[in-house]
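Residues per chain are reported as follows:
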Amino acid sequence: TACLVLTESRVGGLGMIIMLILAMVAEKDKGLKSRSAFLRRLVFFASLVLCAYLVGSYGMPGGQHPDFKHENSSKQRARVLLGTWALIKQHPLKGSGYGSFESSLMPAMEAANIESIESDTFTHPHNEILYVWSEGGGMALCGFLLLAGLWLWPFIHAIRSGNMERNEMAAWYLPLLGLPIVLHMMTEYPLYTSVPHLMVLLILYRVGIPDNTIYVAKISDKRVPKY
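Values in this document were obtained by computation on a predicted structure and should not be read as measured data. (Residues numbered from 1 in each chain as written. Predicted model: local features only at pLDDT ≥ 70, side-chain atom pairs only at ≥ 80, totals over all residues. Heavy atoms only, no water.)

Colleague: Help me understand the overall build of the chain in this model?
Modeller: When you go through the chain residue by residue, the secondary structure sums to 10 helices and 0 strands. Helices and strands in the chain line up, N terminus first, as α-α-α-α-α-α-α-α-α-α. Across the 227 residues of the chain, 28% fall into the buried class. Counting contacts in the chain only where the partners sit at least 6 residues apart, residues at least 24 apart contribute 67% of the total. Accessible area of the chain: about 15,500 Å², with a carbon and sulfur share of 65%. (Helix = DSSP H or I, 4+ residues; strand = E, 2+ residues; numbered from the N terminus. Buried < 20%, exposed > 50% of the residue type's maximum accessible area, 1.4 Å probe, protein only. Contact = heavy atoms within 4.5 Å. Areas by Shrake-Rupley, 256 points an atom, 1.4 Å probe, with all protein chains shown as cover.)

What follows is the structure in structure tokens.
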């Protein structure tokens, strides 16, 4: 909570709120089972709010107040997204080519009469889906959506089967723990610049897979005959 306030991250705060809502849904039966359980969770949520207030009021650098508006940044990112969409419309199927986003964005914005942005070296549109589609075209987009489906499959399978009992709660881990990273991918570019972000994503993917669906492959210790 302190890091979210100090970094003034709107997306991080949104991810935290949605995670808390999902946690409340997942724990609703246990949280309402007794008055003491409900009070413990209420104290936990109140501590998060109190921590955010104290950091925002007394812990900001230079005594400033946290600014979550970022008006200039928001306007610039909106223009970049419009420019990226204009670039996609030029080559929706084959894309503009990998590694070409930085050089292709400005001409696409000029052709679509979109107001120019402050920086002339934009390497990423702050949206992973549009980035993949603009450079790789429709085939890359299909691959990306396929990976997204695999990522969410444990949760989708649990919903379809109607089995969300406690022994199947592993299906909640993926959307619950991975949501901040997924939201970040749609507004920033963590996988574009950060290997640790990618490693965390892979770890969360493994956590979201139920153990009973994983098969262990044993290698025989018998010697392979020589021919």
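Colleague: Explain helix 6 (residues 101–111) here, please?
Modeller: Three- or four-residue spacings in an α-helix give side chains the same orientation, since the helix completes a turn every 3.6 residues. Among the residues of helix 6, those classed as buried are F101, S104, L105, M106, A108 and M109. Those residues of helix 6 hidden inside the fold are in contact with helix 5 (71–90) and helix 7 (128–161).

Colleague: Even after reading the chapter, I still don't get the packing of aromatic side chains, so can you show me in this structure?
Modeller: What describes a pair of aromatic rings is the distance from one ring centre to the other and the angle between the planes of the rings. Across all of its chains, the model carries 3 aromatic pairs by this definition. Taking the centre distance of 5.6 Å and the plane angle of 70° together, the rings of W85 and W133 count as edge-to-face. Of the two residues, W85 is situated in helix 5 and W133 in helix 7; the sequence distance between them amounts to 48 residues. Among the residues examined, W85 registers a relative accessible area of 40% and is labelled partly exposed. Ring geometry for F101 against Y131: centres 5.9 Å apart, planes inclined by 75°, an arrangement best described as edge-to-face. With F101 in helix 6 and Y131 in helix 7, the pair connects residues that are 30 residues apart, well separated along the chain. (Phe/Tyr/Trp six-rings, centres within 6.5 Å; stacked < 30°, edge-to-face > 60°.)

Colleague: Hey, could you run me through a nonpolar patch on the surface in this one?
Modeller: On the surface, a nonpolar cluster with roughly 410 Å² of combined accessible area is contributed by L32, F38, L39 and L42. Here L32 is to be found in the loop between helix 3 (28–31) and helix 4 (35–58). Classification of L32 by relative accessible area gives exposed; the value is 64%. (Patch = residues over 30% accessible without salt bridge, like charges linked within 9 Å, V, L, I, M, F, W, Y side chains within 5 Å. Salt bridge = Lys/Arg side-chain N within 4 Å of Asp/Glu carboxyl O.)

Colleague: Looking at this structure, I do not really get the nonpolar core. What am I missing?
Modeller: The nonpolar side chains of soluble globular proteins are, as a tendency, buried together. In this structure, V80, A86, L87, F101, L105, M106, A108, M109, I114, I117, F122 and Y131 together form the largest nonpolar core, which totals 12 residues. For this core, the element with the most residues is helix 6, which contributes 5 residues. Look past the residues within four positions of V80 in its chain and what remains in contact with it is L105, I117, F122, H124 and P125. (Core = buried A, V, L, I, M, F, W, Y, C linked by side-chain atoms within 4.5 Å.)

Colleague: I would appreciate a short explanation of the side chain of R79 in the present structure.
Modeller: If you trace the backbone, R79 turns up in helix 5. On the accessibility criterion, R79 (16% relative accessible area) is buried.

Colleague: Would you take a moment to explain unusual backbone geometry for this structure?
Modeller: Trans is the prevailing form of peptide bonds, just as negative phi is the prevailing case for residues other than glycine. A positive phi angle, near 55°, is found at N113, a position not held by glycine. Judged by relative accessible area, N113 falls into the exposed class, the value being 73%. Although it is not a glycine, H126 sits at a positive phi angle of roughly 65°.

Colleague: What am I meant to see in the packing of helix 2 (residues 10–26) against helix 4 here?
Modeller: Two quantities define a packed helix pair, namely the angle between the helix axes and the distance between the axes. Contact pair helix 2 / helix 4: the axes reach a minimum separation of 13 Å and the direction vectors enclose 175°. Relative to helix 4, the element helix 2 is oriented roughly antiparallel. Between helix 2 and helix 4, the residues in contact are M16, L20 and M24 and F44, F45 and L48, respectively. Here the contact of helix 2 with helix 4 is built from residues that sort into 6 nonpolar, no polar and no charged. (Axes fitted to C-alpha atoms, helices over the stretch in contact; angles between N-to-C directions. Parallel < 35°, antiparallel > 145°, perpendicular 65-115°, else oblique. Nonpolar A, V, L, I, M, F, W, Y, C, P; charged D, E, K, R; others polar.)

Colleague: Explain the side chain of S100 to me, please; I cannot follow it from the model alone.
Modeller: Turning to its location among the elements, S100 is positioned in the loop between helix 5 and helix 6. Of note is the side chain of S100, whose polar atom sits 2.4 Å from the backbone oxygen of G97. (Polar contact = N/O pair within 3.5 Å; in protein donor to acceptor, adjacent residues only side chain to side chain.)

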